[in-house]
Structures are given as C-alpha cells and as structure tokens.
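Close look at the chain arrangement
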Amino acid sequence: MDDSLGYEAFYIGAQKAAHKAMGDHGHGDFDGFALHAGVAVEKLAKALLVQKNPIYIVEMRGSAEMLFHLGGHRTSDKVRTIGAQEAVARLRTLKVLPADRQLDLLIDLRNGVAHATSGEQAKSLLPVLAQAVETLVLEADGKDVHRFWGRWADTARMAIDSKRTELERDVLVRVRQARHRFEDRFTGLPDGAKERLFPVPLPEKAGEMVIGPLILRNGQSITLAVDSVPCPACGGAASLMLAPVDESTTLKVMAPDAFKCRYCGLELNSPEEIEASGADLESSLLLHNITLLSGSGPAGSIRFGQSHAG
C-alpha cells in the first residue's frame, strides 16, 4: 500500500499539525489554530481508520480506483481520500467518537464554513482538540498521549482536567502558553541569555527597599497601587495592580485586581484569575492594609503594615 496513506504517515502529520495548533493558540492566532487543529483531527482520524482497515478512508463517490490503490493491486494517478467530516462520521459509526457539536464546529471552521467569525469561535475550542486527540490516540493501540503532545503535553492535559473549574483550566492553560512563548524567545541563543534578561534584584536596607512600589493618587485618595511579584509563567518580575476594596477615614484596604508580565506577556484580569494562576503574592510589599495616619503623623501620610486578614 502507498506509504503516504499509511498509519504512521497520518499519525506524524497529525502530530505536526496539532503542535502548530497549540503554538497558534498560545500566540493568539485563532484562525491559524482552527486550520491546524482541524488538520490534526482529520489526519489522526484517518490514521485510526487506516489502522482498522485501509479501505475505511476510501471516498465512495466516483470510480473504485482508490479501492484498488489502497489494496495494493493498482496505482492510481490521482490519490483521493475522505475529508475530515466523513472521517469523523465513520469513527462515530464505529463508536470511537461520540457526537460532539463543538468538534463539528472545529471542523467547520477549518473548512471555512464559519470563516467570518472563526477567530473568536475557535478561541474556546482548545479543550475540544485536546479531548479529540486523547480519545483517538488512546484508541490507536493505547499509544501514549504524552508522546504525541511532547512539550505541549501539560497544556493539553490541563485543558481537559475535569477536577478543576473552567476558570482554573483557562488560567493555567494561559500560564503554560506564556511559558512556552517565553522559552521560544531563546531558541538558538547562547546559554545564559535568559538569565541576563532579568535585572539584578536591588539590595534592601534594614528591611527598606531602595525603590518602593508605585502609588497612584486622585488628590489624597489612592486609586491604584502597582508592585512587582514573580511571574508564575516565566519567573520574571511582573506588575501586580491593586485597587481599593474597602475604605474608611483611617483605613484603606487594597487587593490584587490585575496582573501583567512584560517578559512573557501573561495577563490576568481579575482577582479570581490571579488566585487561580498560583502567583506568589507573598513577595508583594503592597499586600497589606494601608493606614492613613490621623494622629501620630502628618494627615494623609501612608504606612504599610501587615494585613489584618493574614
């Protein structure tokens, strides 16, 4: 039989396309993600069909030329096999894949059926790709899903981790994608290039930082505070923004509100996302209550103390 239509060729092609899809998604290219994810599903579906029986990828329309080609009795000048939709449909007939509207949408996006809004629609379909790959690879002689994904294995596993909430899965996938983006910046560069990117930490004097956090005011009122914390994706010093959550005449309480890393591009846009990311907030100088001194110091001065909330 034609080696290009064999199991191994389809499997390798699916693997390459799936890796490209992961990279596209991590860089925000959701049109590219839809294209490569659809190709990955199609090739992996065909790999499994060929493994079961090569004739399962024969297109039923037209002549029987491809049937003899796959059977090894004749060589066809024009190689034609089924498309992604039919490959998925045949695996559903074989009870390998369940009905799944989201997987159908991914195939439609790849085929350009829903091209007008494919970017935004495809953005949420990373778990669909991860689940389809896991189902198909495990069905193919129980092959190791980790081997298929390589460096993307942890990201794919996290995308379908049923033990976590949807918000946690989304945030932790983004953390892993940011880590890959950061690592990719140093491909082919000399050893130590990554370490030289981060500035040397400034020394402290008797518990006092040489350069303190940034406080943004509106008159006497603090509207935003910015501090640095280690990024959970790349380890660089990322910006943690804190906004007021409670205020009285003597006390202003501020809490984490947003997060952004200039090294790997990770952005977290709510307290819930920051918490889910696992960011080390203990290192922040601003995760304390801010007290406005009214008797023991000049009115309106600021003091940072340990948080009463612990």
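Conventions adopted
- Numbering of residues starts from 1 in each chain and follows the order in which that chain's sequence is written.
- Only residues with pLDDT of at least 70 get local features here, since the model is predicted, and only at 80 or more are side-chain atom pairs given and counted; chain-wide, interface and lining totals rely on the full set of residues.
- Calculated side-chain values reflect all of the structure's heavy atoms, with hydrogen atoms and water omitted.
- Helix and strand assignments come from DSSP, with helices taken as H or I runs of at least 4 residues and strands as E runs of at least 2, each series counted from the N terminus.
- We call a pair of cysteine sulfur atoms a disulfide when they lie within 2.5 Å.
- Exposure categories follow from relative accessible area, calculated using a 1.4 Å probe and restricted to protein chains: below 20% of the type maximum is buried, above 50% is exposed, and the middle band is partly exposed.
- Axes here mean lines fitted to C-alpha atoms, for a helix over just the part in contact, with angles spanning 0 to 180 degrees between N-to-C directions.
- Relative orientations are named as follows: roughly parallel for angles under 35 degrees, roughly antiparallel for angles over 145 degrees, roughly perpendicular for angles from 65 to 115 degrees, and oblique for any other angle.
- The hand of a helix crossing depends on one turn: near helix anticlockwise from the far one by less than a right angle means left-handed, and clockwise means right-handed.
- Here, residues are in contact when the closest pair of their heavy atoms is within 4.5 Å.
- Amino acid classes used here: Ala, Val, Leu, Ile, Met, Phe, Trp, Tyr, Cys and Pro are nonpolar; Asp, Glu, Lys and Arg are charged; the rest, including Gly, are polar.
- The working definition used for a salt bridge is a side-chain nitrogen of Lys or Arg within 4 Å of a carboxyl oxygen of Asp or Glu.
- Take the buried Ala, Val, Leu, Ile, Met, Phe, Trp, Tyr and Cys residues and link them wherever side-chain atoms come within 4.5 Å; each set so joined is a nonpolar core.
- What makes a patch is a set of residues exposed beyond 30% relative accessible area and free of salt bridges, joined within 9 Å when like-charged and within 5 Å when nonpolar (Val, Leu, Ile, Met, Phe, Trp, Tyr).
- Accessible surface area values rest on a Shrake-Rupley calculation with a 1.4 Å probe, where residue burial reflects the displayed protein chains alone.
- In predicted models, pLDDT denotes the confidence assigned by the predictor to each residue on a 0 to 100 scale.
- Between 30 and 60 degrees the pair is tilted, below 30 it is stacked and above 60 it is edge-to-face, where a pair is any two Phe, Tyr or Trp rings, Trp via its six-membered ring, whose centres lie within 6.5 Å.
- Charges are assigned to positions over rings by a cutoff of 6 Å between ring centre and Lys NZ or Arg CZ, combined with an angular limit of 35 degrees from the ring normal.

**Points about the environment of Gly28**
Tracing the backbone shows Gly28 in the loop between α1 (7-26) and α2 (30-52). A sequence separation of 95 residues divides Gly28 from Lys123, and the C-alpha atoms of the two residues are 8.1 Å apart.

**As for the state of the cysteines**
Working definition of a disulfide: a covalent bond connecting the sulfur atoms of two cysteines. On inspection of all chains with the given rule, the structure shows zero disulfides. Residue Cys231 stays outside any disulfide, its sulfur separated by 3.6 Å from that of Cys264, the closest cysteine. Free of any disulfide, Cys234 has its nearest cysteine sulfur in Cys261, 3.6 Å distant. The class for Cys234 is buried, based on a relative accessible area of 14%.

**Some words on the packing of α2 against helix α4 (residues 84-93)**
The contact between α2 and α4 brings their axes to 9 Å, and the two run at 45 degrees. Relative to α4, the element α2 is oriented oblique. Judged by the twist between their axes, the crossing of α2 over α4 is left-handed. The segment α2 lies against α4, with Val41, Glu42, Ala45, Lys46, Leu48 and Leu49 engaging Ala84, Ala87, Val88, Arg90 and Leu91. Counted by class, the contact of α2 with α4 contains eight nonpolar, no polar and three charged residues.

**Digging into the pattern of salt bridges**
The final tally for this structure, using the stated rule, is 12 salt bridges. Linking Lys52 and Glu139 is a salt bridge whose minimum nitrogen-to-oxygen distance equals 3.2 Å. Separated by 87 residues along the polypeptide, Lys52 in helix α2 and Glu139 in helix α7 (residues 126-139) bring together distant segments of the chain. Exposure remark for Glu139: the relative accessible area of 37% places this residue in the partly exposed category. Ionic pairing is found between Arg92 and Asp104, a salt bridge with its closest N-O pair at 2.9 Å.

**Quick notes on the packing of α2 against helix α5 (residues 101-111)**
Between α2 and α5, the least distance of the axes is 8 Å, while the angle of their chain directions is 115 degrees. Overall, the two elements α2 and α5 adopt an arrangement that is roughly perpendicular. Judged by the sense of rotation from one axis to the other, the crossing of α2 with α5 is left-handed. Contacts between α2 and α5 involve Phe33, Ala34, Leu35, Ala37, Gly38, Val39, Val41 and Glu42 from the former and Leu103, Leu106, Ile107, Leu109 and Arg110 from the latter.

**Focus on the nonpolar core**
Judged by nonpolar contacts, the single largest core of 56 residues is most densely connected at Phe33, Leu129, Phe148 and Trp149. Contributing elements (two or more residues each) for this core: α1, α2, α4, α5, α7, α8 (145-149), α9 (153-159) and α10 (166-184). A total of 13 residues in this core trace back to one element, the largest contributor, which is α2. In this structure, Trp149 is in contact with Ala18, His19, Met22, Leu129, Ala130, Val133 and Ala156, ignoring residues within four places of it in sequence. Counting 24 residues, the second largest nonpolar core, distinct from the first, contains Val175, Ala193, Ala233 and Cys234.

**Let's talk about a nonpolar patch on the surface**
Taken together, the side chains of Ile55, Tyr56 and Leu94 make up a nonpolar region of the molecular surface, amounting to roughly 230 Å² of accessible area. Along the chain, Leu94 turns up in the loop between α4 and α5. A relative accessible area of 36% places Leu94 in the partly exposed class.

**What about the confidence of the model for the protein chain?**
Chain-level statistics for the protein chain give a pLDDT mean of 80 and a share of 72% at 70 or above. Here residues 202-212 is modelled with pLDDT under 50, and outside its nearest four sequence neighbours on either side it reaches four contacts, counting other chains as well. In this model residues 288-310 is a low-confidence stretch, pLDDT under 50, and it forms 43 contacts with partners more than four residues away in sequence or in other chains.

**Quick notes on the packing of aromatic side chains**
Counting across every chain of the model gives four aromatic pairs. For the ring pair Tyr11 and Phe148, a centre distance of 5.6 Å and an interplane angle of 80 degrees mean the geometry is edge-to-face. Of this pair, Tyr11 sits in helix α1 while Phe148 sits in helix α8, placing them 137 residues apart in sequence. Judged by its relative accessible area of 0%, Phe148 falls in the buried class. Ring centres of Phe148 and Trp149 lie 5.4 Å apart, and the angle between their planes is 90 degrees; this geometry places the pair in the edge-to-face category. Taken individually, Phe148 and Trp149 each receive the classification buried, so the pair is uniform in this respect. Of the aromatic side chains, those joined through ring pairs into one cluster are Tyr7, Tyr11, Phe148 and Trp149. Geometry around Trp152 places Arg151 over its ring, the cationic atom sitting 5.0 Å from the centre.

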